[in-house]
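# Breakdown of the fold
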Amino acid sequence: MRDLLPSAVAVAVAGPADWSDDLLPAERAALSDRAVPSRRREFTAGRVCARRALAALGLPVTPVPAGADRAPIWPAGVVGAITHTHGYCAAAVARAADLRAVGIDAEQHRPLPEGVRRKVCCPDEEADLARLPAGPQWPTVLFSAKEAVYKVWHPLVGTWLGFPDARVTLDPDAGTFRADIAPARLAAAPVSAPPASVTGRFAVDGALVRTAAVLLHR
Ligand SMILES: CC(C)(COP(=O)(O)OP(=O)(O)OC[C@H]1O[C@@H](n2cnc3c(N)ncnc32)[C@H](O)[C@@H]1OP(=O)(O)O)[C@@H](O)C(=O)NCCC(=O)NCCS
């Protein structure tokens, strides 16, 4: 993820031991007793990365619990995001004084199931994807970009953002994307100046699609 984010963002990517490390008590409380081992492992790797990224920012290491909406609860004055997929986990954090929001996502680089693709990509986006060069699984890149955008939007605005609510354009040469938020979602946002657009970067390396979005202060 480091390559996709500005230097104000501290990034930690999980190593092999991080998936079975210890949680802090406040974090353990956020994980259901009934969590299956794979869920326990990904949640643990996310918390270990989150705390390592906080330390890299020079902040004291504190627990990173989760809210009722599942979003990580960052220490005051910090924005950040966590992602995990099979074999990969990362956390990215920044001082809120430097950035309004950060969103990251990772997905396996494989075709998006047809039913998911229909929910994720609107007709305009499908028309764009048809014009992109062959090779990468573009619908999966677009899906990942929307997940990263959601992690920017939700902690900041607090309202739902569905897949049709963000029109994402990919620039394959620059490795960037732009999400324009539907006017109706902006009008209904309960905060002043919700982000009308979110920009980010993507990378497709072998088995993995990675996306990262940041929102700058105006
Ligand atoms: C929340 C969501 C974005 C997570 O993405 P994902 O690809 O399924 O999974 P990832 O592993 O990348 O991310 C999971 C992490 O996201 C974080 N997360 C969960 N809910 C969140 C929220 N409301 N806001 C910010 N981050 C959230 C958590 O850290 C979670 O990991 P954890 O539970 O172990 O702490 C996704 O499950 C979802 O609900 N999507 C529907 C909404 C959407 O994507 N809209 C698109 C609008 S353009």
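How each quantity is defined
Residues numbered from 1 in each chain as written. Predicted model: local features only at pLDDT ≥ 70, side-chain atom pairs only at ≥ 80, totals over all residues. Heavy atoms only, no water. Buried < 20%, exposed > 50% of the residue type's maximum accessible area, 1.4 Å probe, protein only. Helix = DSSP H or I, 4+ residues; strand = E, 2+ residues; numbered from the N terminus. Arc of directions from axis to C-beta. Contact = heavy atoms within 4.5 Å. Near = heavy atom within 4 Å. Polar contact = N/O pair within 3.5 Å; in protein donor to acceptor, adjacent residues only side chain to side chain. Areas by Shrake-Rupley, 256 points an atom, 1.4 Å probe, with all protein chains shown as cover. 1 Å grid on protein atoms, 1.4 Å probe; cavity = no way out; pocket = protein on both sides within 12 Å on 5 of 7 lines; lining within 4 Å. Sits in = over half its atoms within 2 Å of the grid points.

Attention now goes to helix H4 (residues 123-130). Taken together, the buried positions of H4 are occupied by Glu125, Asp128 and Leu129. For H4, the arc enclosing every buried residue in end-on projection is 100 degrees, short of the 170-degree limit, so these residues lie on one face. Exposed residues lying more than 90 degrees from the buried face of H4 are Pro123 and Ala130. Looking at the buried residues of H4, the elements they touch are helix H3 (114-120), helix H5 (138-157) and strand S5 (166-171).

It is worth spelling out the site of the ligand at this point. Inspection of the region around the ligand gives 23 residues, with Arg39, Arg47, Thr83, His84 and Glu147 positioned closest. Between an oxygen atom of the ligand and a side-chain N or O atom of His84, the distance comes to 2.7 Å. At 2.7 Å, a side-chain N or O of Lys151 approaches an oxygen atom of the ligand. When the ligand sits alone it has 920 Å² of accessible area, and the protein chains cover 88% of it. A majority-of-atoms criterion places the ligand in the largest pocket.

This is a description of form; function is not addressed.
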